[in-house]
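# Examining the three-dimensional arrangement
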Amino acid sequence: MTKKNQTLGEFIIENQSSFKYSSGELSKLINAIRLAAKVVNHEVNKAGLVDILGDAGDTNVQGEEQKKLDVFANEKFISTLKNREIVCGIASEEEDSFIAINSNDNKHQNKYVVLIDPLDGSSNVDVNVSVGTIFSIYRRVTPVGTPVTLADFLQPGNKQVAAGYVVYGTSTMLVYTTGDGVNGFTLNPALGTFYLSHPNMQFPETGKIYSVNEGNYVHFLQGVKDYIKYCQQEEGDRPYTSRYIGSLVSDFHRNMIKGGIYMYPKSSVTESGKLRLLYECNPMAFIAEQANGLAVGGKSRIMDIEPTELHQRVPFFCGSRKMVEKLQECLDKYH
Ligand SMILES: O=P(O)(O)OC[C@H]1O[C@](O)(COP(=O)(O)O)[C@@H](O)[C@@H]1O
Ligand SMILES: [Mg+2]
Ligand SMILES: [Mg+2]
């Protein structure tokens with residue numbers, strides 16, 4: 001029974017039995033993510049006081065300039081998971097390839113792999129605007145006891161066993177699902193404890209907020225342009241309000257609470273869109289669907305896309321059911 005203000009630790013133990021593969025391993029994994037999130041939160045909160053702002057002076061496999069906090073968060077999540085020997089592999093936005101984790105006895109006994117966007121919204125890091133972390137968890141497909149392979153990571157989103165995000169904002173929250181609804185926990189910084197503050201989160205059926213980088217408008221497909229025009233029309237409960245933080249986690253979180261749609265379409269400049277399927281779109285899609293929302297790439301359900309590459313990008317439309325359906329209606333007219 002979900003009790004408001006239950007600690008995350010209590011919630012994990014209490015809900016372990018409702019998880020069909022429960023052996024305690026996933027609980028340990030979520031606990032490790034909780035710990036790493038607190039370490040990163042501590043650094044983010046005092047970012048201006050320590051030498052952690054600005055560029056790290058390196059580019060990642062996406063060709064993006066890495067921020068010092070990207071590198072810090074990446075190291076913290078990887079070392080926290082590695083040291084606890086609870087995963088057999090990790091893939092990260094900041095790592096070219098996946099990392100195979102050998103347990104001390106070299107027996108690869110663990111059955112979960114984690115895919116992570118250690119710091120989401122990097123363009124906002126230096127300007128004190130909320131950022132996040134995104135994680136996605138799968139059971140491996142290769143036999144336990146053997147080294148993980150790429151196949152363990154290239155699984156469709158509908159195979160996820162858990163997914164979540166941390167938002168480092170005015171407060172710090174960890175929101176996650178194991179396929180049994182979505183729950184949000186707020187960190188009490190004085191106690192260093194996450195408490196259940198948002199039980200059973202649900203996207204409102206519809207909303208009045210649309211989130212898209214309109215700076216790319218001229219490059220969008222006609223169907224997307226039509227939907228944005230629809231949002232801006234003086235009719236019925238419209239025009240909607242445009243809100244775009246530029247951190248997927250923060251835009252998604254606001255829209256899940258208030259009702260809204262987030263869009264990162266493909267365009268003549270970003271042919272496959274910008275967001276990465278495996279550690280941005282799939283985890284957010286799992287949460288959206290568990291919260292009665294929708295997540296599509298256009299016609300296709302994001303979680304049914306068969307991945308082909310670790311860092312592949314896809315167009316992403318996600319949010320309140322009725323708003324995503326209206327967008328699809330606009331797209332269907334042309335494509
Ligand atoms: O600046 P743009 O092109 O609008 O892109 C913003 C989007 O890119 C991202 O920052 C990509 O994520 P990373 O910061 O993890 O690379 C999303 O969080 C955000 O929604
Ligand atoms: Mg990101
Ligand atoms: Mg990132």
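I will try to describe carefully the structure that is included in this document. (Residues numbered from 1 in each chain as written. Chains lettered and ligands numbered in written order. Predicted model: local features only at pLDDT ≥ 70, side-chain atom pairs only at ≥ 80, totals over all residues. Heavy atoms only, no water.)

Let's shift gears to the pattern of salt bridges. All chains considered together, the criterion is met by 17 salt bridges. The partner of R254 in a salt bridge is D251, and the shortest N-O contact between them spans 3.0 Å. Of this pair, R254 and D251 are both found in helix α5 (residues 248-258), 3 residues apart, which corresponds to roughly one turn of the helix. For the pair R254 and D251, one class covers both residues: buried. Between E280 and R276 there is a salt bridge, and its shortest N-O distance comes to 2.8 Å. (Salt bridge = Lys/Arg side-chain N within 4 Å of Asp/Glu carboxyl O. Helix = DSSP H or I, 4+ residues; strand = E, 2+ residues; numbered from the N terminus. Buried < 20%, exposed > 50% of the residue type's maximum accessible area, 1.4 Å probe, protein only.)

A word on the site of ligand 1. Close to ligand 1 lie 17 residues, the nearest being D120, S122, Y244, L248 and Y264. One of the side-chain nitrogen or oxygen atoms of E93 is found 2.9 Å away from an oxygen atom of ligand 1. S122 is positioned such that a nitrogen or oxygen atom in its backbone is 2.8 Å from an oxygen atom of ligand 1. About the coverage of ligand 1: the protein hides 89% of its 470 Å² of free accessible area. Where the shell around ligand 1 is concerned, the elements lending two or more residues are β5 (112-120) and β13 (261-264). Top element by residues in the shell around ligand 1 is β5. It accounts for 3 residues. Counting only domains with at least three residues in the shell around ligand 1, you end up with domain 1 (8-198) and domain 2 (209-332). (Near = heavy atom within 4 Å. Polar contact = N/O pair within 3.5 Å; in protein donor to acceptor, adjacent residues only side chain to side chain. Areas by Shrake-Rupley, 256 points an atom, 1.4 Å probe, with all protein chains shown as cover. Domains from an automatic or database assignment.)

So far we have only geometry, and geometry alone does not tell us how the molecule works.
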